[in-house]
Amino acid sequence: MPVWLQAGAWGLLAGGALVIGALIAWFVAVPRRVVASVMAFGAGVLISALSFDLMDEAERAGGLPATALGFLVGAVVYVAANVLLARYGAAHRKRSGDQQPSEQEQAGSGAAIAIGALLDGVPESVVLGVSLLAGEGVGLSVLAAIFISNLPEGLSSASGMKRSGRSARYVFGVWTAIAVASGIAGMLGAASLDGASPEVIAVITALAAGAILAMVADTMIPEAFERTHLYTGLIATAGFLAAFAIERA
């Protein structure tokens, strides 16, 4: 199977966790503290993955200056896009409570939330596609980290969408579209960077890592801390350790 097609399949699988989370939130009344705890765990998992897989590999391949530049650019681009989307109602897109505005409260917020969800998922999928270019198969620790973190993202955000009065068609339409877009992003990442120099791949990997870390800090940790408070750090530490153990195994 061509590498770009493999990347698309793995991206779709990772994005599918969002749909699973949305299904759970729609049909099961999951306590918000449980949602927040899983979100904290997922945040720790992602931080571990981008530390020991993405940034470490990027620095080894492209050197510290290129890696640092890509990392900072990724964070700046993500934050700038996130600030813009927040003005249209997407600031609380991962919140499970009543923070998300309805379309009646803020026109256009539905589209902004959908675009924000896409913004959150694309960097992760690109990383999956790039991880296949080394010829050693998909990075299992990165795949596990993205899947584990996507589950509470879909669960929490879909719960908030339901509370704000969004329809089932909207909720599942958004997450299905994001899952498909994740597959396409992984496919495009592998296809466009196949044959690229190690330095270029390092910069792209670091850029995605910067965007992911900014996403964790801006959207996942606030939702986790709102309900788990002083236990957030401990739960995130458990997620970090779990991902580290997977990477070392």
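If you check an unreviewed UniProt entry, the protein chain appears there as ZIP family zinc transporter from Nocardioides dubius. Among the UniProt annotations of the protein chain, the heading Subcellular location (unreviewed entry) holds the following wording: "Cell membrane".

Draft legend 1. Inspection of the side chain of Thr 205 at higher detail. Mapped onto the elements, Thr 205 comes out in helix α7 (residues 198–228). On the basis of relative accessibility, which here comes to 13%, the residue Thr 205 falls in the buried class. Among residues more than four places away in sequence, those in contact with Thr 205 are Leu 54, Ala 58 and Val 130.

Draft legend 2. Region of the structure containing the confidence of the model for the protein chain. The pLDDT averaged across the protein chain works out to 86; a share of 94% of its residues lies at or above 70. Confidence, read as mean pLDDT per element, is least for helix α4 (residues 109–131) in the protein chain (80) and greatest for helix α3 (residues 64–86) (93).

Draft legend 3. The arrangement of the UniProt feature "transmembrane region" (unreviewed entry) in the protein chain in detail. Sites flagged by UniProt as "transmembrane region" (unreviewed entry) map to residues 7–28, 34–52, 64–85, 170–188, 200–217 and 229–246. Split by type, residues 34–52 is 100% helix and 0% strand. Its first and last C-alpha atoms lie 27 Å apart. In the segment residues 229–246, helix accounts for 83% and strand for 0%; the C-alpha atoms at its two ends are 27 Å apart.

Draft legend 4. Expanded view of the side chain of Ser 48. In this structure, Ser 48 sits in helix α2 (residues 32–62). Given the relative accessible area of 2%, Ser 48 is considered buried. In terms of polar contacts, Ser 48 uses its side chain to reach the backbone carbonyl oxygen of Phe 240, at 3.2 Å.

Draft legend 5. A look at the packing of aromatic side chains. Counted by the stated rule, this structure contains four aromatic pairs. On the basis of an interplanar angle of 55° and a centroid distance of 4.8 Å, the ring pair of Phe 52 and Phe 244 is categorised as tilted. Taken together, the residues Phe 52 in helix α2 and Phe 244 in helix α8 (residues 232–248) connect sequence positions 192 residues apart. Following the ring pairs from residue to residue traces out a cluster consisting of Trp 26, Phe 27 and Phe 172. Here the basic side chain of Lys 162 rests over the ring of Trp 26, its NZ or CZ set 5.1 Å away from the ring centre.

Draft legend 6. View of the pattern of salt bridges. Following the criterion strictly, the structure yields two salt bridges and no others. A salt bridge links Asp 56 to Arg 60; its shortest N-O distance comes to 3.0 Å. Taken as a pair, Asp 56 and Arg 60 lie in helix α2 at a separation of four residues, close to a single helical turn. The class of Asp 56 is partly exposed, set by a relative accessible area of 29%. Assessed through its relative accessible area of 64%, Arg 60 is described here as exposed. The partner of Arg 248 in a salt bridge is Glu 247, with the nearest N and O atoms 2.3 Å apart. Residue classification places Arg 248 among the exposed residues on the basis of a relative accessible area of 52%.

Here is what the cut-offs are and how they apply
Residues numbered from 1 in each chain as written. Predicted model: local features only at pLDDT ≥ 70, side-chain atom pairs only at ≥ 80, totals over all residues. Heavy atoms only, no water. UniProt positions renumbered as here; feature names shortened; annotations may be inferred. Helix = DSSP H or I, 4+ residues; strand = E, 2+ residues; numbered from the N terminus. Buried < 20%, exposed > 50% of the residue type's maximum accessible area, 1.4 Å probe, protein only. Contact = heavy atoms within 4.5 Å. pLDDT = per-residue confidence, 0-100. Polar contact = N/O pair within 3.5 Å; in protein donor to acceptor, adjacent residues only side chain to side chain. Phe/Tyr/Trp six-rings, centres within 6.5 Å; stacked < 30°, edge-to-face > 60°. Lys NZ or Arg CZ within 6 Å of the ring centre and 35° of its normal. Salt bridge = Lys/Arg side-chain N within 4 Å of Asp/Glu carboxyl O.

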